[in-house]
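# Descriptive structure summary
Residues per chain are reported as follows:
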Amino acid sequence: MSATVSAGTRAEAPAGRLPGTWSIGLSRGALEIRQFFRLREQVVFTFAFPVVFLFLFASIFSDDLRDAGITASQLYVPAMMAAGIMSTSFQSLGISIAIERDEKVLRRLRGTPMPPAAYFLGKIWLVLVTGLLETAILLTVGTTLYDVDLPSSATKWFDFGWIFVLGLTACALLGIAISSVPKSGRSATSVVVLPFLVLQFISGVYISVDTIPEWMLNIGALFPLKWMCQGLRGVFLPESAKVLEQTGSWEFGRIALVLGAWCVGGLVLCLLTFRWKTRRDG
Amino acid sequence: MTTHAEEFAVEVSNLRKRYGDVTAVDGVDLAIRKGEVFGILGPNGAGKSTTVEILQGNRSRDAGEVSVLGADPASATRAWRSRVGIVWQDESAPAELTVRETVRHFARYYPSPRNPEEVIALVGLGEKADSRIKALSGGQRRRLDVALGVIGGPELLLLDEPTTGFDPAARRQFWELIRRLADEGTTIVLTTHYLEEAETLAHRLAVIARGRVVAEGEPAALRERYGTEATVEWTEADGTPRSERTATPTRTVAELMTRFDGEIPGLKVGRPSLEDVYLRLTGQTDGARTDEVEEGRR
């Protein structure tokens, strides 16, 4: 309490312009990333989870799949990458935003001139960085241990790119939306993890799509994860593996359509349902 | 301040808010001048926080007119929010960041923020600038909250029970900080249930009880207006302590002098403290019952 600040140090220039949403979004992104990486435990578990699962499943199930020309291990690499994208976006946002709401971080932000969109932008930046890292780690494990090759052509890299971006965005928006469901930060993990687990079972992450009952697969097809798995199989598996698919093809057009629709729908859902305060704060 | 006498930072008339069956705010009127430190004093659950949250633009109202810096907070724009600083009752800043990072970051939200380093020094966190927030004490966190409340250079600062849970030394330091901000010309509205705090800081104060303003004015004037009755205490010959509340204590003492024929045993004449006034005002809605309880205790 030593410094004295006179009225003269206050900005007396004509009121400046409000900073733009994009630039605040960038600086929120930087802040979110810094906060994320300072929680060492969270970092380790976030990234290790899909890697451990990939290791378990791909090592336990490693048989040759007749007719498809691949091993079960190879099948698990794109599947776990899709699950990894969803866990860094949907799961981590769903839980962390619910906690931030409970701890009144959101209410405080709402009391500043920060534009709401800048908050969402910051979250998307965070998820982009963590999603990219997660994907890179899984890809490294997949290529070194389980005989998966990097995309062989520019077209495949391009497909990889848009599936990643659309899938990540759709899942991030769904995560933001589901964060409004739990009543408190404490219940957030259970509320978010259950639907994510169920989706992983019926979207072809843990269990190959050709063994999942048709009706379950159809429910899974309503959500982005099934299409992300399918798209990444299309990118990383040989053409011969198409026979395992429900329709016998990768359906890239349809994937783009479903994921794109979820991006738009997820955004609308967020704008309609997002709450800055918990229910008991009114 | 006199030049701004006509200008009000906050004008509220007939404000009402219900939560289900509970009426939290029941027709509150307030007029707060620019440059003033205004205290909203009342017991827990009197409707202070609800009133302030409505002024902040963070809670809807059921009825009444509200104008804060010339605009209705219910339709707050970014420009309006940049002129109003908020210090919440229960705060949480990002635990993993340092004080400096947080203050600098919040400065980016505002069109013409104050210098972050100056603000950190102003709230007395200069030595803690590079500490993670999770490592701060409760009082230090509260000062960080104030730093975040004033970083935008607000014209109006709204504080909701800022010193609840402080030890006396921390409270005094905090008062010093509020005075300094007031000296800079910031209009300050603070709620508190500490009478001493209201009396020390506020130029004017409103006493709220059960959702209504039961008294309003300068602290000294309030005491004057509502506390004209003095209390005369003495001890009867049989040892029973007695007391009497009266507007004319001299006459009472004169009568007692006659009765005791000289020295009055255990004589004490007390003017009511602001606390007495406050207790009577906030208990007033209970009517005579509270008075009886108070009488009985004497």
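Just so it is clear, the model here is predicted, and its values are computed rather than measured. (Residues numbered from 1 in each chain as written. Chains lettered and ligands numbered in written order. Predicted model: local features only at pLDDT ≥ 70, side-chain atom pairs only at ≥ 80, totals over all residues.)

## Comments concerning the overall build of chain B
- Broken down by element type, chain B carries 11 helices and 12 strands.
- The C-alpha extent of chain B, read off along each of the three principal axes, is 75 × 45 × 40 Å.
- Here chain B holds 298 residues, and the buried ones make up 42% of them.
- A separation threshold of at least 6 residues defines the contact pool for chain B, and within that pool the share at least 24 residues apart is 68%. (Helix = DSSP H or I, 4+ residues; strand = E, 2+ residues; numbered from the N terminus. Buried ≥ 20, exposed ≤ 12 C-beta atoms within 10 Å, placed from the backbone. Contact = placed C-beta atoms within 7 Å.)

## So, the overall build of chain A
- The helix and strand inventory of chain A stands at 10 helices and two strands.
- The N-to-C order of helical and strand elements in chain A reads α-α-β-β-α-α-α-α-α-α-α-α.
- Expressed along its principal axes, the backbone C-alpha trace of chain A runs to roughly 80 × 35 × 35 Å.
- In chain A, which comprises 282 residues, the share counted as buried stands at 43%.

## Quick notes on helix α3 (residues 99–107) of chain B
- Burial of α3(B) is extensive: eight of the nine residues sit out of reach of the surface.
- Looking only at α3(B), the buried set comprises V99(B), E101(B), T102(B), V103(B), R104(B), H105(B), F106(B) and A107(B).
- Buried residues along α3(B) sit in contact with α1 (21–38) of chain A together with α4 (116–122) and α5 (138–150) of chain B.

## Considerations on the domain arrangement of chain B
Residues and elements named next belong to chain B.
- Per the domain assignment, the segments of chain B are domain 1 (2–217) and domain 2 (224–297).
- Contact residues are listed per partner, giving 11 residues for domain 1 and nine residues for domain 2.
- Breaking the side of domain 1 that touches domain 2 down by element, the ones donating at least two residues are α7 (195–201), β8 (204–209) and β9 (212–217).
- A total of three residues in the side of domain 1 that touches domain 2 trace back to one element, the largest contributor, which is β9.
- Of the residues contributing to the side of domain 1 that touches domain 2, the split by class is seven nonpolar, two polar and two charged. (Domains from an automatic or database assignment. Nonpolar A, V, L, I, M, F, W, Y, C, P; charged D, E, K, R; others polar.)

## Topic: α5(B)
Residues and elements named next belong to chain B.
- With 13 residues, α5 should cover 18 Å at 1.5 Å per step; its first-to-last C-alpha distance of 19 Å lies within 8% of that length.
- Within the sequence span of α5, burial applies to R142, R143, L144, D145, V146, A147, L148, G149 and V150.
- At its buried positions, α5 is contacted by β5 (84–87), α3, α4, β6 (156–160) and α6 (168–183). (Expected span 1.5 Å × (residues − 1).)

## Quick word on the sheet that holds strand β4 (residues 63–68) of chain B
Residues and elements named next belong to chain B.
- With respect to topology, three strands assemble into an open sheet ordered β2-β1-β4, the strand pairing being antiparallel. Single-partner strands in this sheet number two, and they are β2 (22–33) and β4. For this sheet, the mean inter-axis angle between neighbouring strands, taken without regard to orientation, is 15°.
- With respect to the sheet, helix α1 (residues 48–56) is in contact with β1 (8–19), β2 and β4, its orientation differing from that of β1 by roughly 120°. (Pairing = 2+ DSSP bridges. Axes fitted to C-alpha atoms, helices over the stretch in contact; angles between N-to-C directions.)

## Considering the interface of chain A and chain B
- In this complex, chain A contributes 31 residues to the contact, which on the side of chain B involves 33 residues.
- Broken down by element, the side of chain A that touches chain B gets its largest block of residues, five residues, from α1(A).
- For the side of chain A that touches chain B, the per-class residue count stands at 16 nonpolar, seven polar and eight charged.

## Digging into the pairing of β9(B)
Residue and element names in this part refer to chain B.
- In terms of strand pairing, β8 meets β9 through five bridges, oriented antiparallel. The partner of V207 across the bridge, within β9, is A215.
- Counting the residues in the hairpin turn of β8 and β9 gives two residues, including R210, whose phi is positive at 50°.

## Describing the packing of helix α2 (residues 40–60) of chain A against helix α3 (residues 72–102) of chain A
Residue and element names in this part refer to chain A.
- Running from N to C, α2 and α3 point in directions that differ by 155°, and their axes come no closer than 9 Å. It follows from the interaxial angle that α2 and α3 lie roughly antiparallel. For the pair α2 and α3, the sense of crossing is right-handed. Contacts from T46, F49, P50, F53, L54, F57 and A58 of α2 reach α3 at S73, Y76, V77, M80, A83, G84, S87, T88 and S92.
- Taken together, the residues of the contact of α2 with α3 sort by class into 10 nonpolar, six polar and no charged. (Parallel < 35°, antiparallel > 145°, perpendicular 65-115°, else oblique. Left-handed = near helix turned anticlockwise from the far one by under 90°.)

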